[in-house]
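# Coordinate inspection notes
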Amino acid sequence: SQKIEQNSEALNIQEGKTATLTCNYTNYSPAYLQWYRQDPGRGPVFLLLIRENEKEKRKERLKVTFDTTLKQSLFHITASQPADSATYLCALHGSSNTGKLIFGQGTTLQVKP
Amino acid sequence: DAGVTQSPTHLIKTRGQQVTLRCSPISGHKSVSWYQQVLGQGPQFIFQYYEKEERGRGNFPDRFSARQFPNYSSELNVNALLLGDSALYLCASSFYSSYNSPLHFGNGTRLTVT
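Residues numbered from 1 in each chain as written. Chains lettered and ligands numbered in written order. Predicted model: local features only at pLDDT ≥ 70, side-chain atom pairs only at ≥ 80, totals over all residues. Heavy atoms only, no water.

All right, on to the interface of chain B and chain A then. Each partner contributes residues to the interface: chain B has 21 residues there, and chain A has 23 residues. Buried area between chain B and chain A, summed over both chains or domains, comes out near 1,800 Å², and the portion from carbon and sulfur atoms is 58%. Our enumeration of links across chain B and chain A arrives at 0 salt bridges. Counting across the interface, chain B meets chain A through 4 residue pairs in polar contact (both at pLDDT 80 or more). Secondary structure elements with two or more residues in the side of chain B that touches chain A: strand S4 (31-37), strand S5 (44-50) and strand S9 (87-94) of chain B. Per-class residue counts for the side of chain B that touches chain A are 9 nonpolar, 11 polar and 1 charged. (Contact = heavy atoms within 4.5 Å. Buried area = accessible area lost by both parts, 1.4 Å probe. Salt bridge = Lys/Arg side-chain N within 4 Å of Asp/Glu carboxyl O. Polar contact = N/O pair within 3.5 Å; in protein donor to acceptor, adjacent residues only side chain to side chain. Helix = DSSP H or I, 4+ residues; strand = E, 2+ residues; numbered from the N terminus. Nonpolar A, V, L, I, M, F, W, Y, C, P; charged D, E, K, R; others polar.)

Within this structure, the stated rule accounts for 13 aromatic pairs over all chains. Ring centres of Tyr-25 of chain A and Phe-66 of chain A lie 6.3 Å apart, and the angle between their planes is 65 degrees; this geometry places the pair in the edge-to-face category. Linking Tyr-25 of chain A in strand S3 (residues 19-26) with Phe-66 of chain A in strand S7 (residues 62-67), this pair joins segments that are 41 residues apart in sequence. For the pair Tyr-25 of chain A and Phe-66 of chain A, a shared accessibility class is recorded, and that class is buried. Three or more aromatic residues joined by ring pairs form one cluster here, namely Tyr-36, Phe-46 and Phe-103 of chain A together with Tyr-35, Phe-45 and Phe-105 of chain B. (Phe/Tyr/Trp six-rings, centres within 6.5 Å; stacked < 30°, edge-to-face > 60°. Buried < 20%, exposed > 50% of the residue type's maximum accessible area, 1.4 Å probe, protein only.)

So, about the pattern of salt bridges. Any two side chains of opposite charge can pair, given that their charged atoms come close. Residue and element names in this part refer to chain A. One pass over the structure, following the stated rule, counts 11 salt bridges over all chains. Between Arg-51 and Glu-54 there is a salt bridge whose closest N-O contact spans 3.9 Å. Residue classification places Arg-51 among the partly exposed residues on the basis of a relative accessible area of 31%. By relative accessible area, Glu-54 is classed as partly exposed at 29%. Between Glu-54 and Lys-57 there is a salt bridge whose closest N-O contact spans 4.0 Å. The class for Lys-57 is partly exposed, based on a relative accessible area of 27%. A network of salt bridges, in which partner residues are shared, links Arg-51, Glu-54 and Lys-57.

Given below as structure tokens:
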């Protein structure tokens, strides 16, 4: 069955460092992959969408890579700030003709000043 | 512009009861999806509606139903509530129904079943 895995353990880093979060998937050949941020008690907020042929996409301090051979996406936050502390979710589409997304369990990032 | 709004924000129900959750999408968005999020897990897809038609259904029992109205707002109904239905229920809207259309989530309805 289709499976998405993110690091379940929280990631703790120092302010100013680069945070790298991992999303691995199996039994899947998605054409698109999305990353969302979720703060406690709030709904997820869309960050980035990357297509399978883009390999890498950037938005301000964020960078996402998409390796369809490794079946892996990496999400980087450079020059991290305490305000970046949140849970980050990766999501892959479940079927080609709907907007159904299958989410990973999320990785919690804690940036310490 | 107003984002996705959901009501109520919190709800406490007893086992066996029925509940209706409401969602208003972003103006202009015709697709509404519902997700269930259990603590510590990612959101799990329940339904998608586009132009008032069901476009997808997740692996949830028939106790879960939904509909979309002409103004694109939506309701999620859950009958015969179980303790395991306790979760954050998220509504998301998008302009298109396809998988490359980013979702805009509301802040959810926290349902507690006792």
